[in-house]
Amino acid sequence: MSTSTAATMTRRPYAGAFGRSLVIALTAFFTLVDLFATQAILPSLTEHYGVSPAAMGLAVNASTLGMAVAGLAMAFVSHRIERRFGILVSLCLLAIPTSLLSVAPNLAVFATLRIIQGLFMATAFSLTLAHLGERCSHADASGAFAAYITGNVASNLVGRFIAAEVVNAAGLSANFHVFALMNLLGAALVYFTVDKVPRMKAVGPSEAPPMSAWREHLRNPQLVADFGIGFCILFAFIGTFTYVNFVLVEPPLSVGMMGIGFVYLVFLPSIITTPLAGRAVQRFGTQKTIWASLALAGIGLPLLVLPNLYAVLLGMVVVGVGTFFAQAAATGFVSAAATSDRGSASGMYLASYFMGGLVGSAVLGFVFDRFGWIACVIGIGLSLAAAAALVVRLRPDHVSAPARAHE
């Protein structure tokens, strides 16, 4: 497969490296904007439903359960689905539960709708990652995945900002209608920019039944380690950016609802740094890149517990930069390490990744309610340490060799 195949992400001849990366990033933005934006309005939702922070946090992050289930389902059936059609339909259907959240009468219905959102988000996410893995050369893949994760970063920043400001100006119901419209904008983007390409013809081991592909992936120690790294990254990320909202609005920080939206400008540096993950992997290898990223995130944790708003904001910046950089490197590694059926490998990675978010929300929510913010931050640190331990199992030459050949 030549390097020019990466250009099939877009229809237009002007889609060079920058144009292709922009389309990839925007697709990620509209696919995942619902996932974390709701975290910015957790205090308002907690008051609206009259529940504890841990209960509301778990309901909001229930979308990760849907994403984990869909990730596993894609591992079975992704090879049967034409990528463009699957992404397009998923984004159109995503608008339905998003809009219905505006009239959810209780927490159970709210959580159910979030799970359904997760099903559609993960389907689009998994199919896009599989598309990139199949259509990009090894040299282009790391940059393409970094662009996709950059769109994820942008969805965190812009999505949270929009959610906070819309709720402040027009209320909770209007917020969900705005995000449903954004889902449809994502579908329109895919319709006009992504080429319909033939499903990749299965060859060799990938012709085997789906469970055979699963067993092959699970016998691959590098993939298993990468699945675990993804689990730990979202565990830590969810723990940080879900429960810090309650810390921000309480004394001594006492940030108002209008100010919460601006707080999430802390993701702005990540938009600048995350696209560099592909180059970092090519130059330093996957191991060193992820280790450095996790170490950086760990440096930010002590700042989160200081009774000073600027210190907490700086800590959020550092944790965000580190976790997003690590996520970009770990996500890109899947297509390099999989020996067959990259679609199912991507699905398994996403299932593990999003299950980490759900477990992190539940475990760290319990810790936050029972023992407080400092204990929660300690739990986040343990998750980052576990991810760093798993990085040992990633062979540094697996990704760096193609990069050197490209150079």
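Rules used throughout
Residues numbered from 1 in each chain as written. Predicted model: local features only at pLDDT ≥ 70, side-chain atom pairs only at ≥ 80, totals over all residues. Heavy atoms only, no water. Helix = DSSP H or I, 4+ residues; strand = E, 2+ residues; numbered from the N terminus. Buried < 20%, exposed > 50% of the residue type's maximum accessible area, 1.4 Å probe, protein only. Contact = heavy atoms within 4.5 Å. Areas by Shrake-Rupley, 256 points an atom, 1.4 Å probe, with all protein chains shown as cover. pLDDT = per-residue confidence, 0-100. Polar contact = N/O pair within 3.5 Å; in protein donor to acceptor, adjacent residues only side chain to side chain. Axes fitted to C-alpha atoms, helices over the stretch in contact; angles between N-to-C directions. Parallel < 35°, antiparallel > 145°, perpendicular 65-115°, else oblique. Left-handed = near helix turned anticlockwise from the far one by under 90°. 1 Å grid on protein atoms, 1.4 Å probe; cavity = no way out; pocket = protein on both sides within 12 Å on 5 of 7 lines; lining within 4 Å. Points joined across faces, edges and corners; volume = space filled by probe spheres on them. Nonpolar A, V, L, I, M, F, W, Y, C, P; charged D, E, K, R; others polar. Core = buried A, V, L, I, M, F, W, Y, C linked by side-chain atoms within 4.5 Å. Phe/Tyr/Trp six-rings, centres within 6.5 Å; stacked < 30°, edge-to-face > 60°. Expected span 1.5 Å × (residues − 1). Arc of directions from axis to C-beta. Patch = residues over 30% accessible without salt bridge, like charges linked within 9 Å, V, L, I, M, F, W, Y side chains within 5 Å. Salt bridge = Lys/Arg side-chain N within 4 Å of Asp/Glu carboxyl O.

### Comments concerning the overall build of the protein chain
And step 1. From N to C terminus, the protein chain includes 18 helices and zero strands.
And step 2. Buried residues in the protein chain amount to 60% of all 407 residues.
And step 3. Within the protein chain, counting contacts between residues at least 6 apart in sequence, those at least 24 apart form 84% of the total.
And step 4. Looking at the protein chain as shown, the accessible area adds up to about 15,200 Å², and 70% of this sits on carbon and sulfur atoms.

### Quick look at the confidence of the model for the protein chain
And step 1. Confidence along the protein chain averages 84 in pLDDT terms, with 86% of residues attaining 70 or more.
And step 2. Between the elements of the protein chain, mean pLDDT differs from a low of 39, seen in helix α18 (residues 397-406), to a high of 98, seen in helix α17 (residues 373-390).
And step 3. Segment residues 397-407: pLDDT under 50, and 15 contacts once partners within four positions in sequence are set aside and those in other chains are kept.

### A few points about the side chain of Thr 31
And step 1. Residue placement: Thr 31 occurs in helix α1 (residues 17-37).
And step 2. A distance of 2.6 Å separates a polar side-chain atom of Thr 31 from the backbone oxygen of Thr 27.
And step 3. Residues contacting Thr 31, with those up to four places away along its chain left out, are Leu 91, Leu 94, Met 121, Ala 124, Phe 125 and Tyr 148.

### With respect to the packing of helix α10 (residues 221-249) against helix α15 (residues 309-337)
And step 1. As a packed pair, α10 and α15 sit with axes 10 Å apart at the nearest point and diverge in direction by 155°. In terms of orientation, α10 and α15 fall into the roughly antiparallel class. The two elements α10 and α15 meet at a crossing, and its hand is left-handed.

### Here we look at empty space enclosed by the protein
And step 1. Taken as a whole and assessed by the stated rule, the structure comprises two cavities of 30 Å³ or more.
And step 2. Here the second largest cavity is characterised by a volume of approximately 60 Å³.
And step 3. Contributing to the lining of the second largest cavity are Asp 34, Ala 37, Thr 38, Ile 41, Thr 98, Leu 101, Arg 114, Gln 117, Ala 163, Asn 175, Phe 176 and Phe 179.
And step 4. Of all the elements, helix α8 (residues 172-193) adds the most residues to the lining of the second largest cavity, at three residues.
And step 5. In the lining of the second largest cavity, the residues fall into six nonpolar, four polar and two charged.

### Quick look at the nonpolar core
And step 1. Judged by nonpolar contacts, the single largest core of 123 residues is most densely connected at Phe 110, Leu 248, Tyr 264, Phe 267, Met 316, Phe 354 and Trp 373.
And step 2. Per-element tally for this core: the top contributor is α10, with 17 residues.
And step 3. Dropping the residues within four chain positions of it, Phe 354 is found in contact with Leu 35, Thr 64, Met 67, Ala 68, Phe 125 and Leu 234.

### Regarding the packing of α10 against α17
Any two packed helices are characterised by the angle at which their axes cross and by the distance between the axes.
And step 1. Closest axis-to-axis distance for the α10/α17 pair is 8 Å, and the angle between their directions is 160°. Considered as vectors, α10 and α17 are oriented roughly antiparallel to each other. Where α10 crosses over α17, the handedness of that crossing is left-handed. Counting all contacts with α10, which are made through Ala 225, Gly 228, Ile 229, Cys 232, Phe 235, Ala 236, Gly 239, Thr 240, Tyr 243, Val 244 and Val 247, the residues of α17 involved are Trp 373, Cys 376, Gly 379, Ile 380, Ser 383, Leu 384, Ala 386, Ala 387 and Leu 390.

### Points about the packing of aromatic side chains
And step 1. Enumeration over the complete set of coordinates arrives at 21 aromatic pairs.
And step 2. A ring pair is formed by Phe 366 and Phe 371, whose centres lie 6.4 Å apart and whose planes are at 75°; its orientation type is edge-to-face.
And step 3. In this structure Phe 366 comes out as partly exposed when scored by relative accessible area, which is 43%.
And step 4. Grouping aromatic residues by their ring pairs yields a cluster made of Phe 36, Phe 237, Phe 241, Tyr 264, Phe 267 and Phe 324.

### Re the environment of Ala 329
And step 1. With respect to the helices and strands, the residue Ala 329 is situated in helix α15.
And step 2. On the basis of relative accessible area, Ala 329 is assigned to the buried category, the value being 4%.
And step 3. Sequence separation of Ala 329 and Gly 285 is 44 residues, and the distance between their C-alpha atoms is 9.2 Å.
And step 4. Apart from residues lying up to four places away in sequence, Ala 329 is in contact with Val 281, Thr 286, Thr 289 and Ile 290.

### Some thoughts on the environment of Met 56
And step 1. Topologically, Met 56 is positioned in helix α3 (residues 53-60).
And step 2. In this view, Met 56 contacts Leu 42, Leu 45, Thr 46, Tyr 49, Val 51, Leu 107 and Phe 110; residues no more than four positions away in its chain are not counted.

### A closer look at the environment of Leu 309
And step 1. Looking at the element boundaries, Leu 309 is found in helix α15.
And step 2. Sequence separation between Leu 309 and Leu 253 is 56 residues; the distance between their C-alpha atoms is 5.7 Å.
And step 3. Excluding anything up to four places from it in sequence, Leu 309 contacts Leu 248, Leu 253 and Val 255.

### Details of α8
And step 1. The terminal C-alpha atoms of α8 lie 32 Å apart, and with 22 residues this matches the ideal 32 Å at 1.5 Å per residue to within 8%.
And step 2. Among all positions of α8, only Leu 172, Asn 175, Phe 176, Phe 179, Ala 180, Met 182, Asn 183, Gly 186, Ala 187, Leu 189, Val 190 and Thr 193 are buried. The buried residues of α8 occupy one face: seen down the axis, they fall within an arc of 165°. Across α8 from its buried face, at more than 90 degrees, point the exposed residues Leu 181 and Phe 192.

### A few points about a nonpolar patch on the surface
And step 1. Among the surface-exposed residues, Phe 85, Val 89, Leu 93, Ile 96, Leu 100 and Val 103 lie close enough to one another that they form a single nonpolar patch of about 530 Å² accessible area.
And step 2. With respect to the helices, strands and loops of the structure, Leu 100 is situated in helix α5 (residues 83-100).

### Section: α17
And step 1. Between its first and last C-alpha, α17 extends 26 Å over 18 residues, near the 26 Å set by a 1.5 Å rise per residue.
And step 2. Along α17, the residues classified as buried are Trp 373, Cys 376, Val 377, Gly 379, Ile 380, Ser 383, Leu 384 and Ala 387. Down the axis of α17, the buried side of the element spans an arc of 155°, and every buried residue falls inside it. The outward face of α17, more than 90 degrees from its buried face, is lined by the exposed residues Ile 374, Ile 378 and Leu 382.

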